[in-house]
Amino acid sequence: MAFVDGTAASKIGFIFNASKTPAKYLIETMGGGVAMLDADGDGRLDLFFVNGAGLKSDMRNSRGADKSSPEYWNRLYRNEGGGAFTDVTEKAGVQGRGYGQGVAVGDCDNDGRPDLFVSALDGNMLYRNQGDGVFADITSAAGVAGGGWSTSAGFIDYDLDGNLDLFVARYLDWDFGRNKRCGGQGTVLRAYCHPNEYRPVTHLLYRGLGGCRFQDVSEESGIAKSPGKGLGVAFSDVDGDGWPDIFVANDSFPQQLFRNLRDGKFEQVALSMGAAYDEDGKVFAGMGVDLADYDNDGLPDVFVNALANQGYALFRNSGGLLDYVSGPSGVGAATKLHSGWGTRFFDYDNDGWKDLFVAQGHVMDNIELTQPGMRYKERALLLHNVRGKFTDVSASAGTPFLTAMVGRGAAFGDINDDGAVDVVVSANGAAPRIFQNTATRNSWLLIDPVGTKSNRDGIGASVRIVTASGAEQFGFVSTSGGYLSAHDRRVHFGLGHEREVKLLEIRWPSGIVQSWKNVAANQIFVAKEATQ
Amino acid sequence: MALALFQVAPECGKSFAAGLEQYHNKDFRQALIAFRAAVQCDPTLVQAHLAIADIYAERGNGGEALAALLQALQIDPKNVLALRAASNLYLDSGLHIKALPLLEVLVTATPNSPDAHADLAAVYAAGGNREGAEKEFRRALELQPDYFPALAGLGNLLARAGEDATALPLLRKATQLQPKAYQGHFLLGSALNRLGQFPEAQTELELASRLGGESEPQVFYQLARAWGGLGKATERRAALARFSELTKKEKDSAELQRKAAALIDEARGFLEAGELAKAAERLELAREASPGDATLLFRLAGLNFDMQHYDVAREYASAAISISPSTWLYHYLLGLIEKSSNRLGDAKASLEIAAKLQPTEGPVFNALGEVLIAQGELQAAVAAFDKAVRLSPTETLFRQNLDAARHP
């Protein structure tokens, strides 16, 4: 059994409060995000949870969702070591505003301390990490409040200028006043509306100007040309040109891949690259998304999960095209009846192949009434990657996989620095769950990139390792991906029985390519960018 | 329509026989009226429900057909014809989950029917029950080795699971059996795409597009994959453009349906507020978006009747009747419209049809009585008012009309 349940030992008392009402506001279904970040600079990953807010059955004359009560606050928990956490929300000043959705982490002022962006309905927030355990709300000065219904967000250096930029996906043209009645008559059969009931909206791109100040470039970058129904966001260099591209998982709407044209503009190419639809050319409910090289061929692939009866989509990057390979890879059969959200490729058993984790749970809280074969609460899914073929190993992966939950956001990272990647899943209307990965006998390497000429986090750096056997693996520095959540910035590799990495090569966003030889396994390796 | 001989009460059998005769004469409207009369007379007359469903299905009115079939199944839950037809209607509407229990009963009722097993397999496959689907497809093929839906279905199932070596021969056999069916070529082409056998995939998919798949976006999506695999960028772009065009058409149609539903909601609000003209305007817009909706036409007729726009109301009511001729309420409304426009002959004809379709509605007979009085048919009017009073003994207006007719 790889995982144990670390929730009780963590002493985390957070509950995502969806504030469900008879009006069945669609936002009640969404859940919230989780972030892993070293907020206080003590070297340990702390946890941040986004929360909902108080809703009423009739919100038409209200001032919006009410976050004033502590039960609705976003929460920051300090990692005390040994699996225990302490609530430091009030000291940090990160209670938040509005009905929270997602979280992004990045060092937007390049001071070595991770800053925090929180997306929400009707206005987002940016907090600058002051370094004394306190975060300052700089939303207004930074110019990133946005508006509408923001969901997943992430920091990216799309113009490679050393300042982190910010991408914010938005979901639907919806507000409380335009909430429709859907489903059957009466309160029992009333259901949340399908996203088809509302129009798509444009996503937001902010160009970083340095010092956590931003300029909205959604229009001039071309991002606003392609509205979507965005829930998940992930970044990687999909076309291998050295510039990061953006993938947006859209709900019941064609998926979007914004290719970086290297001149500050983006072109939406999902259809022409083959990743807009499933293999039958049909739209599906994209929710969580991740980009990573699961088959170790040097090209980042795409995973997008979906709603029950659709099957999750795995697109293999064949260099120029993204081929739908859910069937032959085993992903389709293992996921057909599930509904997925938070997700990430990660090598849970350190065997050198990136596996897949998916936090699961249906959208409809009364799905059992209309579709008896489906469940609102679902067990999390772990797919083991054996040379590009995936097998469902959830049932034998440990106790946290045995109890169903309404899984939503999921953050990934090595919380206890033991070389095994842990997972924290936020549940809608319930307590989160910590999937604590017990150390394996396999070797590992955790690379902590430190940018100098590039952005301080090294976000956007491409990492390649070669082991003695000649096997190669590839990584990409990003805190984004999945659903509403932010991850450990460090790049993790499982090494099997290898004792060292023969070659470690990093291509930094600055263009500098740097390599290290004979790097010992089983360590956290700080890779500092050369000055030139 | 294949209906067996059966035992039935003579008076009900008469209506049913009349319906059959009209059906054979291809006078479906009169046939429907007769079959409705038969089920009014004997609600357990399964064959009459089936006949009604058959006529509605032929006319493309799936909703009414399904309602009739479900009534038949309430009376005889193992009726094979009803099970098959109802499950097909559900499958056509993409409601696999509703078709599933019907098909499960159907395969036990007709264990040697390959189509029942293949249909059940298809539903299992759509629901992710790979094991059940494969078992049912294989059972269908045991019963009939050259059964096209089972060959194509099993081939597709296996190909999607990556079992291409087993899948391809099945799909090839399916296309040989029905070389002019586009579905077989489409599935074979899609499987070949997955295998990276792009030249043959392109040939099969081109064939599929020529054999009836020219309006199916998915055919062009697969064709684009094949062209992509062949490195033909221009052809790939053209196929994707066609795919986008067809997808947009489908999306626009769905959008219109949603728009109609939203307009009906708005109209309801105006109706509740007593703003009839605004409600009618919204319903008219909804009708433009969803022109085949009989209920919508009926609502429009009713609203225009309330606003005394009789010519417009007549047009809508007649249109509703042409879509759903055995709905008594539509004939009743048309009768009221004609009565108010003083077209008494037409009013009488419509109300008589309504009375025949729904012999238990007092207001229909009362309205008929009023028309008959105006036409000077006193004796017939007394009979109509008398029936209205018997059906609705507490309605004082009906009683007053009866008294006035008896003592002119």
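Up top is the structure.
Definitions and cut-offs
Residues numbered from 1 in each chain as written. Chains lettered and ligands numbered in written order. Predicted model: local features only at pLDDT ≥ 70, side-chain atom pairs only at ≥ 80, totals over all residues. Helix = DSSP H or I, 4+ residues; strand = E, 2+ residues; numbered from the N terminus. Buried ≥ 20, exposed ≤ 12 C-beta atoms within 10 Å, placed from the backbone. Axes fitted to C-alpha atoms, helices over the stretch in contact; angles between N-to-C directions. Parallel < 35°, antiparallel > 145°, perpendicular 65-115°, else oblique. Left-handed = near helix turned anticlockwise from the far one by under 90°. Contact = placed C-beta atoms within 7 Å. Pairing = 2+ DSSP bridges.

Draft legend 1. Region of the structure containing unusual backbone geometry. All names here are of chain A. Unlike most non-glycine residues, Ser19 shows phi in positive territory, near 55°. One non-glycine residue, Ser252, lies in positive phi territory at about 55°. On the secondary structure map, Ser252 appears in the loop between strand S17 (245–250) and strand S18 (256–260). Given 16 C-beta atoms within a 10 Å radius, Ser252 is considered partly exposed.

Draft legend 2. Quick peek at the packing of helix H18 (residues 328–340) of chain B against helix H19 (residues 344–357) of chain B. Residues and elements named next belong to chain B. Look at H18 against H19: their axes get within 8 Å of each other, and the N-to-C directions meet at 155°. In terms of axis orientation, H18 runs roughly antiparallel to H19. Crossing geometry of H18 relative to H19 is assigned as left-handed. Of the residues in H19, those touching H18 at Trp328, His331, Tyr332, Leu334, Gly335, Glu338 and Lys339 are Asp346, Ala347, Ser350, Leu351, Ile353, Ala354 and Leu357.

Draft legend 3. Expanded view of the sheet that holds strand S7 (residues 115–120) of chain A. Residues and elements named next belong to chain A. Strand order in this open sheet of four strands is S6-S7-S8-S9, and the pairing throughout is antiparallel. Each edge of the open sheet is held by one strand with a lone partner, namely strand S6 (100–106) and strand S9 (135–137). Strand-to-strand twist of the sheet, defined as the mean angle between neighbouring strand axes without regard to direction, takes the value 25°. Pairing geometry for S6 and S7, over five bridges, is antiparallel. Counterpart to Val105 in the pairing with S7 is Leu116.

Draft legend 4. The arrangement of the pairing of strand S26 (residues 381–386) of chain A in detail. Residues and elements named next belong to chain A. A large share of S26 lies buried, amounting to five of its six residues. One ladder, built from three bridges, connects strand S25 (residues 355–360) with S26; its direction is antiparallel. Considered in S26, the bridge of Val358 is made with Leu381. Note that S26 and strand S27 (residues 389–392) share four bridges and pair antiparallel. Paired with Leu383 across the bridge in S27 is Asp392. Connecting S26 to the next strand, S27, in antiparallel fashion are two residues, including Arg387 with a positive phi near 50°.

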